[in-house]
Amino acid sequence: MAREIVLDTETTGFEPHLGHRLVEIACLEIEDFIPTGRSFHAYIDPERDMPPDAQKVHGLSEEFLRGKPKFAESVVVEAFLEFVGDAPIVAHNAGFDRAFVNHELGLCARDALHEARWVDTLALARMRFPGMHNSLDALCKRFKISLLEREKHGALIDARLLASVYLELKGGRERRLELTATAATVAVAVAGQTTYGERPRPMAMRSTDAERALHAAFVRDAMKNDVLWTRFGL
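Residues numbered from 1 in each chain as written. Predicted model: local features only at pLDDT ≥ 70, side-chain atom pairs only at ≥ 80, totals over all residues. Heavy atoms only, no water.

Turning our eyes to something else, we now look at the packing of aromatic side chains. Under the criterion given, the structure shown has eight aromatic pairs. With 6.5 Å between their ring centres and 65° between their planes, Phe-14 and Phe-96 make a pair best called edge-to-face. One end of the pair, Phe-14, is in the loop between β1 (3-11) and β2 (22-31); the other, Phe-96, is in helix α4 (residues 94-107), with 82 residues separating them in the sequence. Under the relative-accessibility criterion, Phe-96 is labelled partly exposed at 25%. Taken together, the aromatic side chains of Phe-40, Phe-71, Phe-80 and Phe-83 make up a single cluster linked through ring pairs. Over the ring of Phe-83 we find Arg-3, and its NZ or CZ is 5.8 Å from the ring centre. The ring of Phe-64 has Lys-68 sitting right over it, with the charged end atom 4.1 Å from the ring centre. (Phe/Tyr/Trp six-rings, centres within 6.5 Å; stacked < 30°, edge-to-face > 60°. Helix = DSSP H or I, 4+ residues; strand = E, 2+ residues; numbered from the N terminus. Buried < 20%, exposed > 50% of the residue type's maximum accessible area, 1.4 Å probe, protein only. Lys NZ or Arg CZ within 6 Å of the ring centre and 35° of its normal.)

Written out as structure tokens, the structure is:
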């Protein structure tokens, strides 16, 4: 099984080197492009103000984030690194998320997550749909992925949407059929390994002697031809 991590972040702005920080991070674990149900999610105190334009995007206020764990605290950085492990990381416009994640890791003296580990779904989408709008919203609409639960940008919701988009970019329905066929093959193989012996208690006849006699008379009188089952005494 190929384990990957789908990641999304929310921030106070666009440029970590200008002092902007992470305020939310979410990761979903997928195996062979299918979510496993395991996830990591954290709101983060950015230790700075929240610009109004950024708040309009994700709806996270300075008041809401005040008192949340800082990225350098073990409940965030340690838990995040443990969850990600050595798996590839899937993100939309991965350079943006990578810059912020690595900036935060640098601030707490942790090693960066190297570029080779990141899979950029925006780059994949541009290869498949050159010259078209390839935002996450546009791709969801193109692939008919519901956006009903998404009122504002949120890292956890966007990671779920991105996992669905990533599956579509990697083959979509055809990929689902392939995975389903593989699962069916495994199920048949497991079933083939199961052996059945004789029943410890034979099942009792469900018909009476009189019912069986009536049936035999019906077959004899109504079925004039050489019916197959009469050869077996049925």
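Structure shown, so let's carry the discussion forward.
Ranked by internal contacts, the top residues of the largest apolar core, which has 24 residues, are Ile-25, Cys-27, Phe-71, Phe-80, Val-101 and Trp-118. In this structure, Val-101 is in contact with Thr-9, Leu-22, Ile-25, Phe-80, Leu-113 and Trp-118, ignoring residues within four places of it in sequence. Among the nonpolar cores identified, the runner-up in size contains 23 residues, and Leu-136, Leu-139, Ala-155 and Ala-159 belong to it. (Core = buried A, V, L, I, M, F, W, Y, C linked by side-chain atoms within 4.5 Å. Contact = heavy atoms within 4.5 Å.)

Glancing now at the packing of helix α5 (residues 121-128) against helix α7 (residues 155-169). Look at α5 against α7: their axes get within 11 Å of each other, and the N-to-C directions meet at 40°. One element, α5, and the other, α7, form an angle in the oblique class. Note on packing geometry: the crossing formed by α5 with α7 is left-handed. In contact with Thr-121, Leu-124, Ala-125 and Arg-128 of α5, α7 contributes Leu-162, Tyr-166, Glu-168 and Leu-169. Residues of the contact of α5 with α7, tallied by class, amount to five nonpolar, one polar and two charged. (Axes fitted to C-alpha atoms, helices over the stretch in contact; angles between N-to-C directions. Parallel < 35°, antiparallel > 145°, perpendicular 65-115°, else oblique. Left-handed = near helix turned anticlockwise from the far one by under 90°. Nonpolar A, V, L, I, M, F, W, Y, C, P; charged D, E, K, R; others polar.)

A negative phi holds for most residues other than glycine; trans holds for most peptide bonds. Although it is not a glycine, Phe-33 adopts a positive phi angle of roughly 75°. For Phe-33, a relative accessible area of 13% translates into the label buried. Backbone geometry at Ala-109 places phi at a positive 60°, although glycine is not the residue there. Assignment of secondary structure puts Ala-109 in the loop between α4 and β5 (118-120). Exposure remark for Ala-109: the relative accessible area of 70% places this residue in the exposed category.

A word on the side chain of His-92. In this fold, His-92 is placed in the loop between β4 (89-91) and α4. For His-92, a relative accessible area of 14% corresponds to the buried category. Within the structure, the side chain of His-92 is placed 2.9 Å from the backbone oxygen of Asn-134, a separation counted as a polar contact. Filtering out sequence-adjacent residues up to four positions away, His-92 remains in contact with Asp-97, Asp-120, Thr-121, Leu-122, Asn-134, Ser-135, Leu-136, Leu-139 and Leu-162. (Polar contact = N/O pair within 3.5 Å; in protein donor to acceptor, adjacent residues only side chain to side chain.)

Counting through the fold element by element, Gly-13 comes out in the loop between β1 and β2. When its relative accessible area of 12% is taken as the criterion, Gly-13 is described as buried. Residue contacts for Gly-13: discarding those within four places in its chain leaves His-20, Phe-96 and Phe-100.

Our focus in this paragraph is the sheet that holds β4. With respect to topology, five strands assemble into an open sheet ordered β3-β2-β1-β4-β5, the strand pairing being mixed. The strands lining the two open edges of the sheet, one partner per strand, are β3 (34-43) and β5. Adjacent strand axes in the sheet meet at a mean angle of 25° when their direction is disregarded. Both β2 and β3 contribute to a ladder of seven bridges, which runs antiparallel. Paired with Cys-27 across the two strands is Phe-40, which belongs to β3. Across the sheet, helix α3 (residues 77-84) touches β1, β2, β3 and β4, and the angle it forms with β2 is around 25°. Together, β4 and β5 form the strand contacts of α5, whose direction differs from that of β5 by roughly 40°. (Pairing = 2+ DSSP bridges.)

Taken by themselves, the reported measurements are silent on function.
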